[in-house]
Amino acid sequence: MLNELLRHELLDMQARDSRALNDALTKHGFEIWPRSPETDRHGHIVDDNTRRLAAIVSQNGWPGVPLVGDDGSIAALTLALHTDDLNLQSRCRELVRLAIHQGHAPPRHMAFLEDRVRCRQGRPQVYGTQFDWSGSIAEIEDPDNVNMRRKSVGLEPLPVKSHVRMNGK
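Note that the structure is predicted; figures quoted are calculated from it, not measured.

This part covers the overall build of the chain. When its secondary structure is counted, the chain shows seven helices and zero strands. Reading the helices (α) and strands (β) of the chain from amino to carboxyl end gives α-α-α-α-α-α-α. Over its C-alpha atoms the chain spans a radius of gyration of 16 Å, differing by no more than 12% from the 15 Å that the globule rule assigns to 169 residues. For the chain, the spread of C-alpha atoms along the principal axes amounts to about 50 × 45 × 25 Å. Counting only residues that meet the buried cut, the chain has 43% of its 169 residues in that class. Look at the contacts in the chain between residues 6 or more apart in sequence, and 52% of them connect residues 24 or more apart. Charge centroids of the chain, computed over 22 positive and 23 negative side chains, lie 3 Å from each other.

Structure follows, in structure tokens:
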């Protein structure tokens, strides 16, 4: 049954994160961020959202579509992607995998979390969903088959040049 209160809470958390991130990007662009009121504000929001998301997944498992709707589930994914807590991201990735098997989340959600976790661990990504600060696609494992993997989780193919360039070919 849809939990409208939780859905709205996740959407509000995502909106606060998005506003603060946009403010920081407007001020500093995609360079390494210096300490500033905008980056500090975004950091505090991420910290607050991380604590709350950890509590939500501990209580409910992954907030999938049946619980919070499509938009609420996307908001939860965004929050999981933006957290600085690698352990929470890894936990969310596993919870999303379970939710996919239950029909409660689309496979592309796992692809984004898988790639984010791998990139943060210094490993090549699988699905090509993550970019570096310059806007280039981060390193991809087995780039020749990335579009087949993307198709298997419902993602559009990458342009050939974008993933070949990242792997020095």
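A few words now on the environment of V117. Structurally, V117 can be placed in helix α5 (residues 107–120). Exposure remark for V117: the relative accessible area of 0% places this residue in the buried category. Between the alpha carbons of V117 and P157 there is a distance of 21 Å; along the sequence they are 40 residues apart. Apart from the residues within four sequence positions on either side, V117 is in contact with L86, Q89, S90 and R93.

It is worth spelling out the packing of helix α3 (residues 65–82) against α5 at this point. Helix packing for two helices is described by the angle between their axes and how far apart those axes are. It is at 10 Å that the axes of α3 and α5 come closest, and there the two elements cross at 5°. Classed by the angle they form, the pair α3 and α5 counts as roughly parallel. Residues S73, I74, L77, A80, L81 and H82 of α3 pack against H109, F112, L113 and R116 of α5. Taken together, the residues of the contact of α3 with α5 sort by class into six nonpolar, three polar and one charged.

Time to look at the nonpolar core. By size, the foremost hydrophobic cluster in this structure holds 27 residues, and its most contacted members are L10, L53, V57, W62, C92, L113 and Y127. Listing elements by their share of this core, those giving two or more residues are α1 (4–28), α2 (37–60), α3, α4 (86–101) and α5. In this structure, L113 is in contact with L77, A80, L81, Q89, C92, R93 and V96, ignoring residues within four places of it in sequence.

For the chain, per-residue confidence averages 91 on the pLDDT scale, and 91% of positions sit at 70 or higher. Counting contacts from residues 163–169, a segment whose pLDDT is below 50, to residues more than four positions away or on other chains yields 17 contacts.

What counts and what doesn't
- Residues numbered from 1 in each chain as written.
- Predicted model: local features only at pLDDT ≥ 70, side-chain atom pairs only at ≥ 80, totals over all residues.
- Heavy atoms only, no water.
- Helix = DSSP H or I, 4+ residues; strand = E, 2+ residues; numbered from the N terminus.
- Rg over C-alpha atoms; globule rule 2.2 N^0.38 Å.
- Buried < 20%, exposed > 50% of the residue type's maximum accessible area, 1.4 Å probe, protein only.
- Contact = heavy atoms within 4.5 Å.
- Lys, Arg positive; Asp, Glu negative; His and termini not counted.
- Charge placed at Lys NZ, Arg CZ, Asp CG, Glu CD.
- Axes fitted to C-alpha atoms, helices over the stretch in contact; angles between N-to-C directions.
- Parallel < 35°, antiparallel > 145°, perpendicular 65-115°, else oblique.
- Nonpolar A, V, L, I, M, F, W, Y, C, P; charged D, E, K, R; others polar.
- Core = buried A, V, L, I, M, F, W, Y, C linked by side-chain atoms within 4.5 Å.
- pLDDT = per-residue confidence, 0-100.

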